Amino acid sequence: MKRIILLIIWVGFIFYSAFIAPDGSGSYLSDLLTMNEPDPGLLAMFSLLGVWPAVFCILLLRSDQGSVPAWPFVLGSFALGAFSLLPYFILNRKVERANRIPEKVQRLLSSKVLAVILMLLTIVLMVYGLVAREPGVYEKAFLESNFVHVMTIDFAVLTVLSIIALRDRDQVSGLAGILPIIGPLIVTMKKQQTIQEDYDA
């Protein structure tokens, strides 16, 4: 049932982005790519969508033992966001197999330092976007720009997928994922600390 719902969301997201979302373009994307004085709120959201794939690297690649490899979908998410990750959650099934990810990469992804860096970066971006933004600019862009509209929804879908990943992978309440990026990072840090304490004992 979960896979069917996710399939509907994926197909619906594609259809919505192509045919229902605002069809305006404006200069929002070019301003962000060229750093031509973009609105801080838009810049923060755009940057956070670059942090999300790194978080999914931690969530999905520490233990890539499913029926389909996670790494192609995670790599694709750096460019396509939830459009790339949704098919993985639809296709993947739990199986008993060796981890596909090399041990060195597993150690890097389980590093507390990496999680802290991503968390601090997220906090800085969120505060910057909320404090420095020009009132009304993001809202206007959301209503008229296809790019900003889809980017914002993509962020929400990635948040939902992190909740699913926490529940399925880390066997914890998905409620922790309601706090975007920061919540999943806190959970993974706590789990890694627990694993380390068990190992030291």
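No experiment lies behind these values; they were computed from the predicted model shown.

Enquirer: Help me understand the environment of Leu121, please; the structure alone is not making it clear to me.
Expert: Relative to the elements of secondary structure, Leu121 occurs in helix H7 (residues 112–132). Sequence spacing of Leu121 and Val51 is 70 residues, and the spatial spacing of their C-alpha atoms is 8.3 Å.

Enquirer: Would you mind showing me how to read the packing of aromatic side chains here?
Expert: The geometry of two aromatic rings is summed up by the distance between their centres and the angle between their planes. Scanning all chains against the criterion turns up seven aromatic pairs. Seen from their ring centres, Phe13 and Phe83 are 4.3 Å apart, and the 10° between their planes marks the pair as stacked. One end of the pair, Phe13, is in helix H1 (residues 2–20); the other, Phe83, is in helix H5 (residues 82–91), with 70 residues separating them in the sequence. Residue class for Phe13 comes out buried when judged on its relative accessible area of 5%. Using a relative accessible area of 23% as the deciding quantity, one classes Phe83 as partly exposed. Measuring from ring centre to ring centre gives 5.6 Å for Tyr88 and Phe89, while their planes differ by 80°; the resulting arrangement is edge-to-face. Per residue, the accessibility class of Tyr88 equals that of Phe89, and both read buried.

Enquirer: Mind showing me how you'd approach H5 here?
Expert: Think of an α-helix as 3.6 residues a turn; residues three or four steps apart then line up on the same face. By the criterion of burial, H5 is predominantly enclosed, with eight of the ten residues buried. Buried within H5 we find Ala82, Ser84, Leu85, Leu86, Pro87, Tyr88, Phe89 and Ile90. Structurally, H5 contributes buried residues whose contacts are with H1, helix H3 (40–61), helix H4 (71–80) and helix H9 (146–169).

Enquirer: Just checking my understanding: could you explain the pattern of salt bridges for this structure?
Expert: Two side chains carrying opposite charge are able to pair once their charged atoms lie near each other. All chains considered together, the criterion is met by six salt bridges. Between Asp64 and Arg100 there is a salt bridge; the shortest N-O distance is 3.3 Å. With Asp64 in the loop between H3 and H4 and Arg100 in the loop between H5 and helix H6 (103–109), this pair connects stretches of sequence that are 36 residues apart. Residue classification places Asp64 among the buried residues on the basis of a relative accessible area of 0%. Here Glu144 and Lys140 are joined by a salt bridge, their closest N and O atoms 3.0 Å apart. One end of the pair, Glu144, and the other, Lys140, are both in helix H8 (residues 137–144), four residues apart, so they sit about a helical turn from each other. By relative accessible area, which is 34% here, Glu144 ends up partly exposed. Linked through salt bridges whose partners overlap, the residues forming this network are Lys2, Arg167 and Asp168.

Enquirer: Would you explain the nonpolar core in this entry?
Expert: Considering soluble globular proteins, one finds that nonpolar side chains tend to be buried as a cluster. With 52 residues, the main nonpolar core has Phe56, Leu60, Leu85, Phe89 and Leu161 as its most contacted residues. No other element matches the 15 residues that H3 contributes to this core. Contact partners of Phe56, with chain neighbours within four places excluded, come to Leu61, Val74, Leu85, Phe89, Leu158, Leu161 and Ser162.

Enquirer: Sorry, what's going on with the side chain of His149 here?
Expert: Structurally, the position occupied by His149 is in helix H9. Judged by relative accessible area, which is 7%, His149 ranks as buried. For His149, the side chain forms a polar contact with the main-chain oxygen of Phe142, separated by 2.8 Å. Setting aside residues up to four positions removed in sequence, His149 forms contacts with Tyr16, Ala21, Pro22 and Phe142.

Enquirer: Can you walk me through the side chain of Thr122 in this structure?
Expert: Relative to the elements of secondary structure, Thr122 occurs in helix H7. According to the relative accessible area criterion, Thr122 is buried, its value standing at 0%. Look past the residues within four positions of Thr122 in its chain and what remains in contact with it is Leu48, Val51, Ile181 and Ile182.

Conventions adopted
Residues numbered from 1 in each chain as written. Predicted model: local features only at pLDDT ≥ 70, side-chain atom pairs only at ≥ 80, totals over all residues. Heavy atoms only, no water. Helix = DSSP H or I, 4+ residues; strand = E, 2+ residues; numbered from the N terminus. Phe/Tyr/Trp six-rings, centres within 6.5 Å; stacked < 30°, edge-to-face > 60°. Buried < 20%, exposed > 50% of the residue type's maximum accessible area, 1.4 Å probe, protein only. Contact = heavy atoms within 4.5 Å. Salt bridge = Lys/Arg side-chain N within 4 Å of Asp/Glu carboxyl O. Core = buried A, V, L, I, M, F, W, Y, C linked by side-chain atoms within 4.5 Å. Polar contact = N/O pair within 3.5 Å; in protein donor to acceptor, adjacent residues only side chain to side chain.

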